[in-house]
Amino acid sequence: MLHDRVPDPESQGIDHIAVAPSGVHVIDTRRRTGRIAVTRPLFGEARLRIDGRDRTAVLERLRAQVQAVADAVAEVDDAVPVQGALCFVNPTRRLVEGAPPLTRTLNVCGFPLLAPRALARQLRRGGPLSEARMAAIAAVLERRFRPA
């Protein structure tokens, strides 16, 4: 796990980068106490709303962070999956509108919305990366993304 990293001086920080057997995970942590909802209009992309306010811009920042990490990981192996996730630490009401059946995770624009325990389960899943491969990837990421 790499915490609070910055790709370059002009960019916003990346909360967490986790290198796991399943791949590399870019995690944007949100400490919100309000109602979290995903609305899906008839036309256009889904929108993320927190306490009634549109917070979809968070997804664009996360998309840029995932791309920056994917570019760095490609130096080692461009076949390693790099994915992003939003982790909500203290939601008052969990993922209300647009919620899928209980067995699935809610996604918005391709990013899962997770509570900390669900994120931990996702990171512990098995995958194709060996310990040595994960260490090589983590070393590249540590060199490329300086601490904030």
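Everything that follows concerns the structure shown earlier in this document.
This one's a predicted model, so the numbers in the text were calculated from it and none came from an experiment.

> Please explain the overall build of the chain as it appears in this structure.
In terms of regular secondary structure, the chain is built from 3 helices and 10 strands. Helices (α) and strands (β) of the chain occur, in sequence order from the N terminus, as β-β-β-β-β-β-α-β-β-β-α-α-β. Sorting the 148 residues of the chain into buried and exposed places 36% on the buried side. Approximately 8500 Å² of the chain is accessible, and the part contributed by carbon and sulfur atoms is 49%.

> What is the right way to read the sheet that holds strand 5 (residues 47-50) from this model?
Where strands meet in a sheet, backbone hydrogen bonds hold them as pairs that are either parallel or antiparallel. The 3 strands lie next to each other as 4-5-6, forming an open sheet whose pairing is antiparallel. Strands at the two margins of the open sheet, each flanked by one partner only, are strand 4 (36-39) and strand 6 (53-54). Pairing analysis gives 2 bridges linking strand 5 to strand 6, with the strands arranged antiparallel. In the strand pairing of strand 6, Arg49 is matched with Asp54.

> Teacher, can you tell me more about the pairing of strand 5 here?
Walk down a regular strand and you will see the side chains alternate between the two sheet faces. In strand 5, alternate side chains face the same way, and those of Leu48 and Ile50 are buried while those of Arg47 and Arg49 on the opposite face are not. As defined by bridge partners, strand 4 adjoins strand 5 across 4 bridges and the pair is classed as antiparallel. Looking at strand 5, one finds that Val38 is bridged to Leu48. Taking the residues between adjacent antiparallel strands as the criterion, strand 5 and strand 6 are bridged by 2 residues, where Asp51 takes a positive phi near 55°.

> Which parts of the structure should I look at to understand the sheet that holds strand 3 (residues 23-30)?
Pairing is mixed across the open sheet formed by 7 strands, whose spatial order is 8-9-7-3-2-1-10. The open sheet has two free edges, formed respectively by strand 8 (107-108) and strand 10 (146-147), since each of these has just one partner strand. As defined by bridge partners, strand 1 (residues 2-6) adjoins strand 10 across 2 bridges and the pair is classed as antiparallel. From the neighbouring strand, Val6 faces strand 10, where its bridge partner is Arg146. Its contacts with the sheet put helix 1 (residues 57-73) on strand 2 (14-20), strand 3, strand 7 (82-88), strand 8 and strand 9 (111-114), and the angle it makes with strand 7 is roughly 140°. Running over the sheet, helix 3 (residues 131-144) touches strand 1, strand 2, strand 3 and strand 10 and is turned about 160° from strand 2.

> Help me out: how do you make sense of the nonpolar core in this one?
Proteins that are soluble and globular tend to have nonpolar side chains buried together. Counting 29 residues, the largest nonpolar core has Ile17, Val24, Leu48, Val69, Leu86, Leu113 and Leu141 as its most contacted members. Of all the secondary-structure elements, those providing two or more residues to this core are strand 2, strand 3, strand 4, strand 5, helix 1, strand 7, strand 9 and helix 3. The leading source of residues in this core is helix 1, at 7 residues. With residues near it in sequence (within four places) discarded, Val69 still touches Ile14, Ile17, Val24, Val26, Val82, Leu141 and Phe145. If you look at the next biggest cluster of nonpolar residues, it comprises 7 residues, including Ala18, Ala85, Cys87 and Leu123.

> Whenever I open this one, the pattern of salt bridges confuses me. Can you help?
Pairing between side chains of opposite charge can happen when their charged atoms approach one another. For the structure on display, the rule yields 6 salt bridges. As a salt-bridge pair, Arg30 and Asp28 come within 3.0 Å of each other at their nearest N and O atoms. Among the ionic pairs, Arg63 bridges to Glu60, the shortest N-O distance being 2.5 Å. Of the two residues, Arg63 and Glu60 are both situated in helix 1; the distance of 3 residues between them amounts to about one turn of the helix.

> So what exactly am I meant to see when it comes to the environment of Gly84 here?
Looking at the secondary structure, you find Gly84 in strand 7. Sequence separation between Gly84 and Leu62 is 22 residues; the distance between their C-alpha atoms is 6.8 Å. When residues no more than four places from it in sequence are discounted, the contact partners of Gly84 are Val26, Leu62, Val66, Phe111 and Pro112.

The rules we used
Residues numbered from 1 in each chain as written. Predicted model: local features only at pLDDT ≥ 70, side-chain atom pairs only at ≥ 80, totals over all residues. Heavy atoms only, no water. Helix = DSSP H or I, 4+ residues; strand = E, 2+ residues; numbered from the N terminus. Buried < 20%, exposed > 50% of the residue type's maximum accessible area, 1.4 Å probe, protein only. Areas by Shrake-Rupley, 256 points an atom, 1.4 Å probe, with all protein chains shown as cover. Pairing = 2+ DSSP bridges. Contact = heavy atoms within 4.5 Å. Axes fitted to C-alpha atoms, helices over the stretch in contact; angles between N-to-C directions. Core = buried A, V, L, I, M, F, W, Y, C linked by side-chain atoms within 4.5 Å. Salt bridge = Lys/Arg side-chain N within 4 Å of Asp/Glu carboxyl O.

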